Amino acid sequence: MTFSQEQNGAFDSFLETWAKQLARSIRVFSGTEPTVTWSRVKALPFGEAEDVFWWKQALQGASKFTVWIGADESTWHAIGRASEDADSDDSKAAYLEIIARTQQATASALSSALPEHLQCRKGQVGSGPKSESVIHALIGVTLSGEQLPALIFVVERSILDMLSAAGKFGEPAGFGTAHSALMLDRLLSLEMPISVALGRTEVPIRDLLKVVSGSVIELDQGVNDYADLIVHGTVVAKGEIVSVKGNYAIRIKELISEKDRIDLHGLS
């Protein structure tokens, strides 16, 4: 499969942008500075990749294309691991959130060079690509000095239609990477108020005036329900209350989607 010089440069810029956004997403989630590289390959040995965990997502603007991202278990577990004792379900959920943020950030970055905004459709876990009309790449990730098995990055060839319509798509200035990186570095040092809500209820003022030491106020959460993690008034996650060295802590079990966060805003 051959590309024109213009297509080569534009697709390389696309991969470079995706790799940078993945590095930022990992840094935000883990606090660890990763090294992320990319390389294009002509084909992949799919017959030897039966155990690969695949994520599939379509991106649509003036044209539509699908992206598949495959990861070895050791890779997605290492990327999604929030703590040394995180279990597989926690790691997988965090990994998928990192990939989703990477996809969204890349779409936003590329939209500045496109005539129509690029949107991420709902992604899903599934099998790898079956079509032969795809382009392959490998995304290398190194965390804490450990080089992980490469992510498999596959995208439909129809992405070239979008890249061709982008004009100066291949120029770094089109993505604003320097400016966004500077802003992100500044934001990462900011401290945000975090609180945990075990439950909520509403009572008449007359009943509040009757509260004395030993009074019991029943909340709307069951004893087995997760507590809400609230950041600046918005619920962003749910988890279970645990004890760490004599202090209360919360183990994250569910990450709230952006849509659900909007729906929950104002209820905290």
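Since we're looking at a predicted model, the values are computed, not measured. (Residues numbered from 1 in each chain as written. Predicted model: local features only at pLDDT ≥ 70, side-chain atom pairs only at ≥ 80, totals over all residues. Heavy atoms only, no water.)

A. Representation of the packing of aromatic side chains within the structure. Scanning the entire structure with this criterion turns up six aromatic pairs. Taking the centre distance of 6.3 Å and the plane angle of 55° together, the rings of Phe-53 and Tyr-95 count as tilted. Residue Phe-53 is found in strand S2 (residues 53-60), and its partner Tyr-95 is found in helix H3 (residues 88-111); the two are separated by 42 residues along the sequence. Neither Phe-53 nor Tyr-95 differs from the other in exposure class; each is buried. Clustering of aromatic rings is evident, with ring pairs tying together Phe-11, Phe-14, Trp-18, Phe-65 and Phe-153. One cation-aromatic arrangement involves Lys-92 over Phe-53; the distance from NZ or CZ to the ring centre is 4.6 Å. (Phe/Tyr/Trp six-rings, centres within 6.5 Å; stacked < 30°, edge-to-face > 60°. Helix = DSSP H or I, 4+ residues; strand = E, 2+ residues; numbered from the N terminus. Buried < 20%, exposed > 50% of the residue type's maximum accessible area, 1.4 Å probe, protein only. Lys NZ or Arg CZ within 6 Å of the ring centre and 35° of its normal.)

B. The sheet that holds strand S9 (residues 194-197), seen in detail. One open sheet accounts for four strands, arranged S9-S10-S11-S12; its pairing is antiparallel. Lying at the two open borders of the sheet, with one neighbouring strand each, are S9 and strand S12 (247-255). Between one strand axis and the next, the sheet turns through 40° on average, direction left out of account. (Pairing = 2+ DSSP bridges. Axes fitted to C-alpha atoms, helices over the stretch in contact; angles between N-to-C directions.)

C. Summary view of the pattern of salt bridges. Inspection of every chain in the model, using the stated rule, returns seven salt bridges. As a salt-bridge pair, Asp-228 and Arg-200 come within 3.0 Å of each other at their nearest N and O atoms. Note that Asp-228 is positioned in strand S10 (residues 227-231) and Arg-200 in the loop between S9 and helix H6 (205-208), a separation of 28 residues in sequence. What makes Asp-228 buried here is its relative accessible area of 5%. Here Arg-251 and Glu-240 are joined by a salt bridge, their closest N and O atoms 3.3 Å apart. Of the two residues, Arg-251 is situated in strand S12 and Glu-240 in strand S11 (residues 234-244); the sequence distance between them amounts to eleven residues. When salt bridges that share partners are traced, they join Arg-200, Asp-228 and Lys-238 into one network. (Salt bridge = Lys/Arg side-chain N within 4 Å of Asp/Glu carboxyl O.)

D. Molecular detail of the environment of Gln-221. Here Gln-221 shows up in the loop between H6 and S10. Gln-221 sits in the partly exposed class, given a relative accessible area of 26%. Sequence spacing of Gln-221 and Leu-198 is 23 residues, and the spatial spacing of their C-alpha atoms is 6.9 Å. In this structure Gln-221 touches Leu-198, Gly-199, Tyr-226 and Ala-227, once residues within four positions along its chain are discounted. Within the structure, the side chain of Gln-221 is placed 2.8 Å from the backbone oxygen of Tyr-226, a separation counted as a polar contact. (Contact = heavy atoms within 4.5 Å. Polar contact = N/O pair within 3.5 Å; in protein donor to acceptor, adjacent residues only side chain to side chain.)

E. View of unusual backbone geometry. In this structure, Ser-144 is a non-glycine residue whose phi angle is positive, near 50°. Positioned with a positive phi, Lys-245 is a non-glycine residue whose angle comes to about 55°. Among the secondary structure elements, Lys-245 is positioned in the loop between S11 and S12. Residue classification places Lys-245 among the exposed residues on the basis of a relative accessible area of 85%.

F. Quick look at the pairing of strand S3 (residues 64-71). Taking burial as the measure, the eight residues of S3 include seven buried ones, the bulk of the element. Bridge count between S2 and S3: eight bridges; the pairing is antiparallel. Bridge pairing in S3 links Gln-60 to Lys-64. Between S2 and the antiparallel strand that follows it, S3, lie three residues. Examined bridge by bridge, S3 and strand S8 (residues 151-156) share four bridges and lie antiparallel to one another. Bridge assignment links Val-67 to a residue of S8, and that residue is Val-155.

G. Seen up close, the pairing of strand S6 (residues 134-143). Counting buried positions along S6 gives eight out of ten residues, so the element sits mostly inside the fold. Note: strand S1 (residues 35-41) against S6, seven bridges, orientation antiparallel. Residue pairing across strands places Val-36 opposite Val-141, the latter belonging to S6. Pairing analysis gives two bridges linking S6 to strand S7 (residues 146-147), with the strands arranged antiparallel. Considered in S7, the bridge of Thr-142 is made with Gln-147. Between S6 and S7, which pair antiparallel and follow one another directly, the connecting turn spans two residues, one of which, Ser-144, has a positive phi of 50°.

H. Region of the structure containing a nonpolar patch on the surface. A surface patch of nonpolar side chains, amounting to about 840 Å² of accessible area, comprises Val-196, Leu-198, Val-203, Leu-208, Val-211, Ile-217, Leu-219, Ile-241 and Tyr-248. In this fold, Leu-208 is placed in helix H6. A relative accessible area of 46% means that Leu-208 is categorised as partly exposed. (Patch = residues over 30% accessible without salt bridge, like charges linked within 9 Å, V, L, I, M, F, W, Y side chains within 5 Å. Areas by Shrake-Rupley, 256 points an atom, 1.4 Å probe, with all protein chains shown as cover.)

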